[in-house]
Each structure stands twice: as structure tokens, then as C-alpha cells.
Amino acid sequence: NKQCVTVTSCFSAQGHFPSVSQHGSCAHSWADSLDKARVNDCTPTGKERNSLREYAHCLPLGDGDDTLEPSAIDTARLFPLMETRLYKRRWVMLFIFSAYSMSNAFMWLQYGIISNIFMRFYSIGTLAIDWLSMIYFLTYIPLILPVMWLLDNRGIRDVVVVGSAYNCIGAWIKTGSADPSMFALTFFGQFVCSVATVYILGIPSRLASLWFGQQEVSTACSIGVLGNQLGIAIGFLVPPILVPNVDDMDELAHHISIMFYISAGMATAILVLVVIVFQEKPEIPPSQAQAQARNMQPDEYSYTASILSLLRNKPFMLLVVSYGLNVGCFYAISTLLNRMIIEHYPGEEVNAGRIGLTIVIAGMAGSLICGIWLDKTKTYKQTTLAVYILSLTGMLAYTFTLNLGHLWVVFVTAGVLGFFMTGYLPLGFEYAVELTYPESEGTSSGLLNCSAQIFGIIFTIAQGKIMDYWGTLAGNIFLCIFLLIGTVVTGFIKSDLRRQKANQQVEVQTVSVSTTVCVT
């Protein structure tokens, strides 16, 4: 007679089953191997699964710089292979978010790129006009922690809906400020729009992780960042066209009003789209890492503990500093670009906008290429360091060619600068997620952006003052020094790609197999 028994075991790294004898002693051999399998079982029990960070070691993954260094995930007991699926509507979610981000970024720069016109219209000084841009940075710093909490506890849909509402309300407030006496109202409207920014900047990496697979997550994050960059590009290009530098104040007020109403109409349409179409997450997770994250019990996650864990993560904190230095320089250049160009090329407001457009369009290409490159190679540290060095090189070229008197040279050097400096944005987000997994993507992105806002304020004010006293050359050299510091800091970041290890370990080792063992 035959006795059939069903067993479930883990593949070894080579994919073999536990050995079972084909003769009469197979029952004893099978029992021995089953006992061993229970001892070395790769799948944690409910009592053992306190959190993703507390699993016991199951299988190390090699010894290289990017994928093979020891980490918290190396000591993890792993989930069995889980069902994953990619939905076509993930691209719709990404497009809607990108449109929302684009609208908000446009309203950030609609004052700064024609700062000389608004200074004359509202009868204000350079510092006041700069604060219409810097209010975006300042608002972010105190609000990022509560918004990150909201993202972790209420989900991405609620955050995107609330942010879209703030963006729409702020845009409509500004429609009533097209009058020389209404600077306070336009500043308040800009403040409301700046609150919406807090609900935007941490979303790309979170959205990519929730909806996109392992081989496309970096590309998706890059596209999410592209939406913001496209808004900046439109903010450089459109305001100088819609608001020409005319002497008649009534005509100027009319042009400003048209720009504000266009902004408000776009923000309203995007809000309606977000409310009707945007979804929280797919029914089935897109990757093994996301499947593991979903299996965490709510009481296993502590927001405060997550923040403290990130603050103790030395590689991540180095990235926070280097990211803040790079993006802070970009914010300062974007805010002060009009003043830089007008100083050397008077009357070239439209070309100042076109130079800004060149910076961002080149940066969009850089972001997309870097995202695709990361998905193909997973060389996060090497790519981030190379792009940082090239950002410094581009900044040096821009600095020492700005005053040569040839606008076409400025266009070329600005394009090189934008390709690498703006292309760095999604690299920082994705590298942070790798270094901090399984912590929330929104939390890590939020801390990166908080650093960028702080440095953005410091650099914008400092460079503005330096330009007032010593000119644009000294101001740009000031930024070059900090980009050099950021490059050195990036070189000291220890690459520990935890998310990649989680995906690889699950796929290689923990395929759960059911087989029938027959005993004669």
C-alpha cells in the first residue's frame, strides 16, 4: 500500500527539494528533513513577525558594493513568494499626479521670472518679490511632519485630494490681486498654494512603489518628478509672454489678471480629475517588496519610531545633506534667474524665461534618462555621484560664461547645468527609498525635501545679498562651493540597497512548494 503525504518546503538557493529516499526508509529520511526544514524555515510565524526589520537572517546576497553589503534586510526572515500584478491604470494615476504637480510648480515661478515687472507693479523691493518664491520653502518646513503622518495614516489619495484643493483655492485667491494695492492678497494666495506643495513633493516615490513593478519603479518616480519640472518649465516660459513689460499700469493689471485666471482654471480642472479618478492603490501589489509592506500589521508601525530610525541611518542622513545642497542651489538659481540675466542682458525678460525653460527641459530629459538607467543597472551610488560631479561641472561652466555677452552660450551652459542638476531630483528620491526600506517612502522623501527647502531659503537669501553687493559672478561661485561640498558628502554615502535585497531574496529563496511524497 502507498501512503501519500503533502509537504511544503523552501527551495534552497539552487532550487532543489529536501532529499527524500525512494526506498523503504524514505519515511524516516523525510521526517528528518522535515524537522530540519522546520528549524530553518524561511517563513516567519505570526508571533515572530513583529516587523519587517525584526526578521532573523535567512540568506545573504553576495558581497558587492551596491547589492551585497550586509544590512538590516540581510538579517531578515522572508515572506513566501506572493502574487503580484501590474495594472494599466497605474499610468493614469501617474499622469493625474503629474498634472497636479505641474499646476502647483507653475504658480511657484509665475512671479520670480518676471520679478522686475511685479516689483514695479506692486512697488516692492527685491526681498519681497523673492519671498513670493521662498514662501514655498518656508511653509514646507513646519508642515512636512504632520503631512507625512497624514500620508502614512490616511493614504496617498487623501493627501493628493487635500493638496489639490489647497492649490485650487490659492489660485482663485490670486485672481483678486491684479491691482497695485493688493500685494498682501497675492502673497496670501501664494501662501495657500505653498501649502499644497507640502502635499506634492513626497508623493513620486510613494506613488511609484504603490503602483509600479520592480523593473519600472525608478522610471515611474522620474516621470512623477517630471510633472513638477514641466510646471517649472511653463512657469519660466509663459509669464513673460502673458505679462509683457508695458508702461500702462491698467494694461499691465489686465495681463496679470489673465495669467491668474488661466492658473485658477487649470487648478480647478485638475481638482475635479483628482476627486473623480485618483485611487489609493491597486488591489494586488505590484512587487514583492510592496507585498511584504502590506503584510505589516497596523500596530507594528510607529510613526515616531520610523522618524527616529531614519535619523539614526547614517547613509540616509548624508544623502539628506547632499540632496539639500544640490536642490537648494537649483531653487536659488530658479528664483534669481531673472535678476542674473537682466544684469548682463538688459531688456531680455523673455529670453530669461527661455533660458529657464532650457534648464528645466534639459533636466526633464536628464530625469527620465537617469530613471531608466537606474531601472536597468541598479547602480544607485555610482549614478548619483556621477550626476553630482557633472552638476558641479555644469555650474562652473554657467558661472564663468554668463558675462561673456553671448546669449547662445548661456543657453548651452544652462542646458548642461539643467540636465544634471534637475536630473538629480528623482535619483535622490529613489536612492533614499533603497537606503531606508522598509520605512515609508513618503517619510524619507519628506525629510529630503525638508532639507532642500531649508537650503533653498539660505541660498536664495545669501546669493541675493551677494549679488546686490558683489554681482552675479560672486553669487554663483558661492553656489559652486556648496555643490563641491555636496559632491564630497555623496562620496561618503555607504550604499546599502535594502529594497533590492528584499525583492531578490524573496524571488531567489522563498518560493513555497507543495509536493506529494509517497511512502511504500
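Definitions and limits used
Residues numbered from 1 in each chain as written. Predicted model: local features only at pLDDT ≥ 70, side-chain atom pairs only at ≥ 80, totals over all residues. Heavy atoms only, no water. Helix = DSSP H or I, 4+ residues; strand = E, 2+ residues; numbered from the N terminus. Contact = heavy atoms within 4.5 Å. Areas by Shrake-Rupley, 256 points an atom, 1.4 Å probe, with all protein chains shown as cover. Salt bridge = Lys/Arg side-chain N within 4 Å of Asp/Glu carboxyl O. Buried < 20%, exposed > 50% of the residue type's maximum accessible area, 1.4 Å probe, protein only. Axes fitted to C-alpha atoms, helices over the stretch in contact; angles between N-to-C directions. Parallel < 35°, antiparallel > 145°, perpendicular 65-115°, else oblique. Nonpolar A, V, L, I, M, F, W, Y, C, P; charged D, E, K, R; others polar. Arc of directions from axis to C-beta. Patch = residues over 30% accessible without salt bridge, like charges linked within 9 Å, V, L, I, M, F, W, Y side chains within 5 Å. Core = buried A, V, L, I, M, F, W, Y, C linked by side-chain atoms within 4.5 Å. Lys, Arg positive; Asp, Glu negative; His and termini not counted. Charge placed at Lys NZ, Arg CZ, Asp CG, Glu CD. Phe/Tyr/Trp six-rings, centres within 6.5 Å; stacked < 30°, edge-to-face > 60°. Lys NZ or Arg CZ within 6 Å of the ring centre and 35° of its normal.

Caption draft 1: Quick peek at the overall build of the protein. Counting its secondary structure elements, the protein contains 19 helices and 2 strands. The contacts in the protein between residues at least 6 apart in sequence include a share of 84% that link residues at least 24 apart. Accessible area for the protein stands at about 20,700 Å²; split by element, carbon and sulfur atoms hold 65% of it.

Caption draft 2: How the structure looks around the pattern of salt bridges. As enumerated under the stated definition, the model contains 5 salt bridges in all. For D130, the salt bridge identified is with R339, shortest N-O distance 3.1 Å. Of this pair, D130 sits in helix α4 (residues 126-154) while R339 sits in helix α12 (residues 314-344), placing them 209 residues apart in sequence. No difference in accessibility class separates D130 from R339, as the two residues are buried. Through salt bridges with shared partners, a single ionic network connects D130, R339 and D468.

Caption draft 3: Summary view of the side chain of S115. Tracing the chain through its elements places S115 in helix α3 (residues 115-122). Setting aside chain neighbours within four positions, we find S115 in contact with I129, N338 and R339.

Caption draft 4: Seen up close, the environment of L237. Looking at the secondary structure, you find L237 in helix α8 (residues 217-242). Judged by relative accessible area, L237 falls into the partly exposed class, the value being 30%. The spatial distance from the C-alpha of L237 to the C-alpha of Q110 is 9.3 Å, given a sequence separation of 127 residues. With residues near it in sequence (within four places) discarded, L237 still touches G353, R354 and L357.

Caption draft 5: Examining the packing of helix α2 (residues 90-109) against helix α7 (residues 203-211) more closely. α7 packs onto α2 with a crossing angle of 170° between their chain directions and a minimal axis gap of 10 Å. Judged by the inter-axis angle, α2 sits roughly antiparallel to α7. Residue-level contacts link R90, M93, L94 and F97 of α2 to I203, P204, L207 and W211 of α7. When the residues that make up the contact of α2 with α7 are grouped by side-chain class, the tally is 7 nonpolar, no polar and 1 charged.

Caption draft 6: A look at α3. All of the buried residues in α3 are S115, I117, F118, F121 and Y122. Projected down its long axis, α3 carries its buried residues within an arc of 155°, all on one side. Packed against the buried residues of α3 are α4, α6 (183-198), α9 (249-277) and α12. Directly beyond the C-terminal end of α3, a positive phi value near 55° is found at S123.

Caption draft 7: Examining a nonpolar patch on the surface more closely. Side chains of L396, F400, L473, I477, I481 and I485 sit close together on the surface and give an oily, nonpolar patch of about 490 Å² of accessible area. If you list the elements that add at least two residues to the nonpolar patch, you get α14 (380-401) and α18 (472-491). Broken down by element, the residue count for the nonpolar patch peaks at 4 residues, all from α18. In this fold, L396 is placed in helix α14.

Caption draft 8: Spotlight on the nonpolar core. F118, L207, F278, I341 and Y398 are the most contacted members of the largest nonpolar core, which has 131 residues in total. Not counting the four nearest positions on each side in its chain, I341 is found in contact with E348, A352, I355, Y398, L402 and V410.

Caption draft 9: Quick peek at a negative patch on the surface. There is a patch of like negative charges on the surface, built from D247, D248, D250 and E251. With respect to the helices and strands, D250 occurs in helix α9. The class of D250 is exposed, set by a relative accessible area of 63%.

Caption draft 10: Inspection of the packing of aromatic side chains at higher detail. Considering all chains together, one arrives at 25 aromatic pairs under this definition. Judged by centre distance (6.1 Å) and plane angle (80°), the ring pair of F97 and Y100 falls under edge-to-face. Linking F97 with Y100, this pair stays in helix α2, spanning 3 residues, or about one helical turn. The class for F97 is buried, based on a relative accessible area of 1%. Classification of Y100 by relative accessible area gives buried; the value is 0%. Considering the side-chain rings of F183 and F187, the 6.1 Å spacing of their centres and the 45° angle between planes classify their relative orientation as tilted. Taken together, the residues span about one helical turn, with F183 and F187 both in helix α6 at a distance of 4 residues. Looking at F187, the relative accessible area reads 27%, which means it is partly exposed. Through pairs of rings, three or more aromatic residues link up here, namely Y111, F118, F121, Y122, F183, F187 and F260. Here the basic side chain of R89 rests over the ring of Y87, its NZ or CZ set 4.6 Å away from the ring centre.

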